[in-house]
Amino acid sequence: MSPGIFKKRYTRVGARPGTLVISKQSPRPVVRGIFYNPQGVDDQLIEDLDRLPEFLKPETVGWIDVQGFGDRSVMNKIGSIFSLHPLLLEDVVNVPQRPKTELYDDQLLIVVRMVRLKDPEEQSRYRVDMEQVSIVLADNYVITFQERYGDILDPVRKRIKSGKGIIRGRGADYLAYAIADTIVDGYYPVLEGVGDDLEAMEDEVIRNPSPAVLAELNTLKNQLINLRRAVWPQREAVNSLVRGDYALIGEDVRLYLRDTHDHCIQTSEVAEMYREMATGLMNTYLSSVANRTNDVMKVLTIMASLFIPLTFMAGIYGMNFEHMPELHYRYSYPMLWLVMTLTCVGMLFFFWRKGWIGRG
């Protein structure tokens, strides 16, 4: 799926609820588990899924990170181990979903959109990479589902391993908050990069309004539309966590989620502002092209206007009448050139006084 255009994978018409639609390009699932408490951390790659329940102890908090959906049997196995509702698993796999929160019995599904700036060396017309992250919150564990390998959640992992801050002394709800907050904060560098692109493009639109600039501007505008589509419902989803009646989220964690909600509001406002700027640049591009066309037409019109009287004079003295007294004067030829020159100079002075050339 192209990261710059919204294309949703959907089930066949009439398919039963809970049907998983997995892309052929989706990588094979890699499951990583981090299990911690105030005393220590156990971080390992989970190859045998049947051993997962052994690590989920009441005194520990577990973070099971699943990257890739390329094996339906693995996804169904994870759903069976954690008793995930079929509709929950369908929302996880059938991406992209609208950012939202859904409560399924004793599990809370939080769908967010993670954005990153692509490597400049990567051959793609889209600079912003967008990916769905589904967070499943339960009593003592959190499961994150990601479409592809790699994410921006390493700061959370480092905080858990180093024991800095309060994360190892808090419950699974705080871990879910930390993951969602890191994803929301990831919008800031992306929006900053998009803002730099808009500033550079603004100069280019004025100096060199070429079709290549228009194509790049249109691509950037499409990405801003998708960013806005992700940020606005994400703000609603976080607000639902703050104000909703979810027993899985403690009152102390709701205070932290308020700050995340403020960040969502800020990023949504910036995304909307940049979208309006991109629309304004489109209008500026059209105006610049029209002005350049007008300048060209003005030059051509002035040149045509200068040659109209000269063509008139040359036409008169190019006629083959026998009785034209001026043809026999000794200085007729230089006098005609003098009159033509004075006519051109006079017309140019008239155009200048009117402000049609040189000023105004």
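Look up: the structure comes first, before these words.
Computed from a predicted model, the values in this text were never measured in an experiment.

Let's talk about a negative patch on the surface
Moving on, step 1. Where like charges cluster on the molecular surface, the negative patch consists of E192, D196, E199, E202 and D203.
Moving on, step 2. When you line up the elements, E202 lands in helix α6 (residues 187–207).
Moving on, step 3. Taking the relative accessible area as the measure of exposure, E202 reaches 37% and is therefore partly exposed.

Focus: the pairing of strand β7 (residues 141–146)
Moving on, step 1. For β7, the buried fraction is high: six of the six residues fall into the buried class.
Moving on, step 2. Neither face of β7 is exposed, since Y141, I143 and F145 on one face and V142, T144 and Q146 on the opposite face are all buried.
Moving on, step 3. One ladder, built from six bridges, connects strand β3 (residues 61–67) with β7; its direction is parallel. Pairing of I64 across the sheet is with I143, part of β7.
Moving on, step 4. Here five bridges tie strand β6 (residues 128–137) to β7, and the two strands are oriented antiparallel to one another. Each bridged residue has a counterpart across the sheet, and for I135 the counterpart in β7 is T144.
Moving on, step 5. Counting the residues between successive antiparallel strands, the hairpin from β6 to β7 contains three residues.

Considering the nonpolar core
Moving on, step 1. Among the nonpolar cores identified, the biggest contains 31 residues, and I135 and L175 are the most heavily contacted of them.
Moving on, step 2. Mapped onto this core, the elements with two or more residues apiece are β1 (30–37), β3, β5 (107–117), β6, α4 (154–162), α5 (172–185), α7 (211–243) and α8 (251–317).
Moving on, step 3. Once residues lying within four places of it in the same chain are set aside, the contact partners of L175 are Y36, V61, G62, W63, V142, V156, I160 and I167.
Moving on, step 4. Counting 29 residues, the second-largest nonpolar core is a separate cluster that includes I22, I64, V74 and M75.

Digging into empty space enclosed by the protein
Moving on, step 1. Applying the stated rule across the entire model yields two cavities of 30 Å³ or more.
Moving on, step 2. Along its surface, the second largest cavity is lined by I110, L137, D173, A176, Y177, A180, L241, I249, V253 and L257.
Moving on, step 3. Of all the elements in the fold, those that place two or more residues in the lining of the second largest cavity are α5 and α8.
Moving on, step 4. When residues of the lining of the second largest cavity are assigned to their parent elements, the largest contribution, four residues, is made by α5.

A few points about the pairing of β1
Moving on, step 1. With six of eight residues buried, β1 is to be regarded as a mostly interior element.
Moving on, step 2. Note: β1 against strand β2 (residues 40–46), seven bridges, orientation antiparallel. Opposite G33, over in β2, you have Q44 as the bridge partner.
Moving on, step 3. A loop of two residues connects β1 with β2, the two strands running antiparallel in sequence.

A closer look at the side chain of E147
Moving on, step 1. Relative to the assigned elements, E147 resides in the loop between β7 and α4.
Moving on, step 2. One buried charged side chain, E147, makes no salt bridge at all; its nearest oppositely charged neighbour is R148, positioned 4.0 Å away.
Moving on, step 3. A polar side-chain atom of E147 sits 2.7 Å from the main-chain amide nitrogen of Q132.
Moving on, step 4. Once residues within four sequence positions are removed from consideration, E147 is found in contact with S26, P27, G68, F69, V95, E131 and Q132.

Focus: the environment of N94
Moving on, step 1. Position of N94 relative to the elements: it lies in the loop between α3 (86–93) and β4 (100–104).
Moving on, step 2. A residue is classified by how much of its surface remains accessible, and N94, at 2% relative accessible area, is buried.
Moving on, step 3. Here the alpha-carbon distance between N94 and V21, two residues 73 residues apart in the chain, equals 5.6 Å.

Some remarks on the packing of α7 against α8
Moving on, step 1. The geometry of α7 relative to α8 is characterised by a closest axis approach of 8 Å and an angle of 155° between their N-to-C directions. Between α7 and α8, the crossing angle belongs to the class labelled roughly antiparallel. Considering only the axes of α7 and α8, their crossing is left-handed.
Moving on, step 2. Along the lines of polarity and charge, the residues of the contact of α7 with α8 split into 19 nonpolar, eight polar and eight charged.

Quick look at the sheet that holds β1
Moving on, step 1. The mixed open sheet is built from seven strands, whose spatial order is β2-β1-β3-β7-β6-β5-β4. At either end of the open sheet lies a strand with only one pairing partner, and these are β2 and β4. Along the sheet, successive strands turn relative to each other by an average axial angle of 20°, direction set aside.

What about the packing of aromatic side chains?
Given two aromatic rings, one states the distance between the centres and the angle between the planes to describe the pair.
Moving on, step 1. Under the defined criterion, the tally for this structure stands at eight aromatic pairs.
Moving on, step 2. Taken together, a centroid distance of 5.1 Å and an interplanar angle of 50° make the contact between F82 and Y141 tilted. One end of the pair, F82, is in the loop between α2 (72–81) and α3; the other, Y141, is in strand β7, with 59 residues separating them in the sequence.
Moving on, step 3. Using a relative accessible area of 5% as the deciding quantity, one classes F82 as buried.

Conventions used here
- Residues numbered from 1 in each chain as written.
- Predicted model: local features only at pLDDT ≥ 70, side-chain atom pairs only at ≥ 80, totals over all residues.
- Heavy atoms only, no water.
- Patch = residues over 30% accessible without salt bridge, like charges linked within 9 Å, V, L, I, M, F, W, Y side chains within 5 Å.
- Areas by Shrake-Rupley, 256 points an atom, 1.4 Å probe, with all protein chains shown as cover.
- Salt bridge = Lys/Arg side-chain N within 4 Å of Asp/Glu carboxyl O.
- Lys, Arg positive; Asp, Glu negative; His and termini not counted.
- Charge placed at Lys NZ, Arg CZ, Asp CG, Glu CD.
- Helix = DSSP H or I, 4+ residues; strand = E, 2+ residues; numbered from the N terminus.
- Buried < 20%, exposed > 50% of the residue type's maximum accessible area, 1.4 Å probe, protein only.
- Pairing = 2+ DSSP bridges.
- Core = buried A, V, L, I, M, F, W, Y, C linked by side-chain atoms within 4.5 Å.
- Contact = heavy atoms within 4.5 Å.
- 1 Å grid on protein atoms, 1.4 Å probe; cavity = no way out; pocket = protein on both sides within 12 Å on 5 of 7 lines; lining within 4 Å.
- Points joined across faces, edges and corners; volume = space filled by probe spheres on them.
- Polar contact = N/O pair within 3.5 Å; in protein donor to acceptor, adjacent residues only side chain to side chain.
- Axes fitted to C-alpha atoms, helices over the stretch in contact; angles between N-to-C directions.
- Parallel < 35°, antiparallel > 145°, perpendicular 65-115°, else oblique.
- Left-handed = near helix turned anticlockwise from the far one by under 90°.
- Nonpolar A, V, L, I, M, F, W, Y, C, P; charged D, E, K, R; others polar.
- Phe/Tyr/Trp six-rings, centres within 6.5 Å; stacked < 30°, edge-to-face > 60°.

Nothing here speaks to function; it is all geometry.
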